Amino acid sequence: MAEFSLIESIRQRCAHLRDDVVLGIGDDAAVVAVPPDCELAVCTDTLVAGVHFPRDTTAADIGWKSLAVNLSDLAAMGATPAWALLALTLPTADTGFVEGFADGFAALAAEHGVSLTGGDTTSGPLTITVTVHGFVPKGRALRRDRARVGDTVWVSGTLGDAAAALRERDSNGDISAESHASLRARLDRPQPRVDLGILLREFASSCIDISDGLLADLGHVATASGVGIEIDVLRLPASPALLDRVPMEQRHALQLAGGDDYELAFTVAPERTSLLQQAVARNAIPITLVGRVVADSGVRALDAEGRVLELPRAGWEHFS
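## So, the overall build of the protein chain
Check the secondary structure of the protein chain and you find 10 helices and 12 strands. In terms of overall dimensions, the protein chain is globule-like: its C-alpha atoms have a radius of gyration of 20 Å, near the 20 Å expected for 320 residues. Along the three orthogonal principal directions, the C-alpha set of the protein chain runs to about 65 × 55 × 35 Å. Of the contacts formed within the protein chain by residues at least 6 apart in sequence, a portion of 87% connects residues at least 24 apart. Approximately 14100 Å² of the protein chain is accessible, and the part contributed by carbon and sulfur atoms is 52%. For the protein chain, the separation between the mean place of its 27 positive charges and that of its 43 negative charges on side chains is 5 Å.

## Focus on the pairing of strand β11 (residues 287-294)
With five bridges joining them, strand β7 (residues 152-156) and β11 adopt antiparallel strand pairing. Bridge pairing in β11 links Val155 to Thr288.

## Thoughts on the nonpolar core
Counting 56 residues, the largest nonpolar core has Leu67, Ile128, Leu200, Phe266 and Leu276 as the members making the most contacts within it. Excluding its chain neighbours within four sequence positions, the residues that come into contact with Phe266 are Thr152, Val153, Trp154, Val155, Ser156, Leu196, Leu200, Ala204, Ser206, Cys207, Leu276 and Ile287. Within the second largest apolar cluster, 20 residues are counted, among which are Leu218, Val221, Ala222 and Ile229.

## What about the sheet that holds strand β6 (residues 127-137)?
Spatial ordering of the open sheet is given by β3-β6-β4-β5, a layout of four strands whose pairing is mixed. The open sheet is flanked by β3 (38-48) and β5 (115-123), the only strands paired with a single partner. Strand-to-strand twist across the sheet, computed as the mean angle between neighbouring axes with direction ignored, equals 15°. Strand direction decides the pairing type here: strand β4 (residues 80-90) and β6, joined by nine bridges, are antiparallel.

## Quick word on the pattern of salt bridges
Under the definition given, this model contains 18 salt bridges. Of the charged contacts, one joins Glu263 and Arg193 as a salt bridge, the two residues approaching to 2.7 Å between their closest N and O atoms. In this pair, Glu263 is assigned in strand β10 (residues 263-268) and Arg193 in the loop between α5 (177-188) and α6 (194-200), connecting sequence segments 70 residues apart. The residue Glu230 makes a salt bridge to Arg300 at a minimum N-O spacing of 2.8 Å. Highlighted residues: Glu230 in strand β9 (residues 228-232) and Arg300 in strand β12 (residues 298-302), separated in sequence by 70 residues. Overall, Arg300 belongs to the partly exposed group, its relative accessible area being 22%. Here the salt bridges share partners, and the residues they tie into one network are Glu230, Asp232, Arg235, Arg292, Asp296 and Arg300.

## Quick word on the environment of Arg184
Among the secondary structure elements, Arg184 is positioned in helix α5. Looking at Arg184, the relative accessible area reads 13%, which means it is buried. Counting along the chain gives 23 residues from Arg184 to Asp161, while the straight-line C-alpha distance between them is 7.7 Å. When neighbours within four sequence positions are excluded, Arg184 is seen to be in contact with Pro54, Asp56, Thr57, Ala165 and Arg169. Engagement of the side chain of Arg184 in a polar contact is seen with the side chain of Asp188, the distance being 2.8 Å.

## Some words on a nonpolar patch on the surface
Judged by side-chain polarity, Val22, Leu23 and Val31 come together as a nonpolar surface patch covering roughly 240 Å² of accessible area. Mapped onto the elements of the fold, Val22 is located in strand β1 (residues 21-23). Taking relative accessible area as the criterion, Val22 reaches 59% and is therefore assigned exposed.

Rules and cut-offs
Sequence order as written defines residue numbering, which begins from 1 separately in each chain. Where local features are concerned, this predicted model is filtered to residues with pLDDT of at least 70; where side-chain atom pairs are given and counted, the filter is 80 or more; whole-chain, interface and lining totals use all residues. Derived side-chain values reflect all non-hydrogen atoms in the structure, with water molecules and hydrogen atoms excluded from consideration. We count a stretch as a helix when DSSP gives it H or I for four or more residues in a row; a strand needs E for two or more, and each element gets its number in order from the N terminus. Here the radius of gyration uses the C-alpha set of atoms, whereas the globule reference equals 2.2 Å times the residue count to the power 0.38. In this description, contact between two residues means that some pair of their heavy atoms is separated by no more than 4.5 Å. Computed by Shrake-Rupley with a 1.4 Å probe, the accessible areas treat only the displayed protein chains as cover when residues are assessed. Residues scored as positive are Lys and Arg, those scored as negative are Asp and Glu, and His as well as the terminal groups of each chain are ignored. Charged side chains are reduced to one point each, which is NZ for Lys, CZ for Arg, CG for Asp and CD for Glu. When DSSP finds two or more bridges between a pair of strands, those strands are recorded as paired. Residues belong to a common nonpolar core when they are buried Ala, Val, Leu, Ile, Met, Phe, Trp, Tyr or Cys residues joined through side-chain atoms within 4.5 Å. To sort residues, take the accessible area from a 1.4 Å probe on protein chains only and compare it with the maximum for the residue type: under 20% means buried, over 50% means exposed, and anything in between is partly exposed. As a rule, the C-alpha atoms of each element are fitted with a line to give its axis, helices using only the stretch in contact, and angles between N-to-C directions run from 0 to 180 degrees. By definition, a salt bridge exists where a carboxyl oxygen of Asp or Glu is found within 4 Å of a side-chain nitrogen of Lys or Arg. Polar contacts here mean pairs of N or O atoms no more than 3.5 Å apart (in protein, one a potential hydrogen donor and the other a potential acceptor; neighbouring residues in sequence count only if both atoms are side-chain atoms). Any residue with relative accessible area above 30% and no salt bridge may belong to a patch, with like charges joined within 9 Å and the nonpolar Val, Leu, Ile, Met, Phe, Trp and Tyr side chains within 5 Å.

Now the structure itself:
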């Protein structure tokens, strides 16, 4: 499959039309128009086979996830997605893989009105780099450095499913088909919380997406804001599949340190929590109160007696 044929196959599937794309795929650079009174939020992520996703992941799921992890970063900034760039490195020019990848990428792009405006292709170990651009009203971007002592700490969705999928995949144990499919879907097709991020511009003092695990990511918020954060482990939201498959002690470790959740963790001033709950209820967005911001440093997970929870080594850190 020649490079230009490969690019054309991707373009046909992913170049969603937007009025603000003046010149898209096919020239030396894209030309786009940024709306007035908005700032541009830009982020990029690279996924490497066997490092960021299992090698048996389908092409369509890789395409979906490569965009999803970037849209999750935009969600954490409160930005509305607009455009994407794709750099695709392939070991072989595999027509079926490229078409499947593009279909998965395009499916999520269509959900969020994202237009692929350009990129690059090359030969080498399977590696995908995606850059996304989004809009946020001037001065309204969510940040990591504005959590304040007394704020409440929240997370969206449920935590630990993606890490549990890897744990069960590697354990070769007795895995129910229904539970395994539910957990694996969270690993392969995370759902970026774009709508919640936009809503949180009205409520959150700080925000981050959960990619490396709740403790690690909230650690970035604590450091940037100069505060401490306490998490009540019994409050951590869990899916029915996780509750069914994983004992409590292991479940807490997965939820706190497993990673790949791509949910949002955010802080809210106490006087804003009631209004926040009303807003998310109207929009049917699941969120859970899990902790508090304190006058300290770092992040601590506390058990039912208020003792600091010591986590065992995970053992699922690497894909294979």
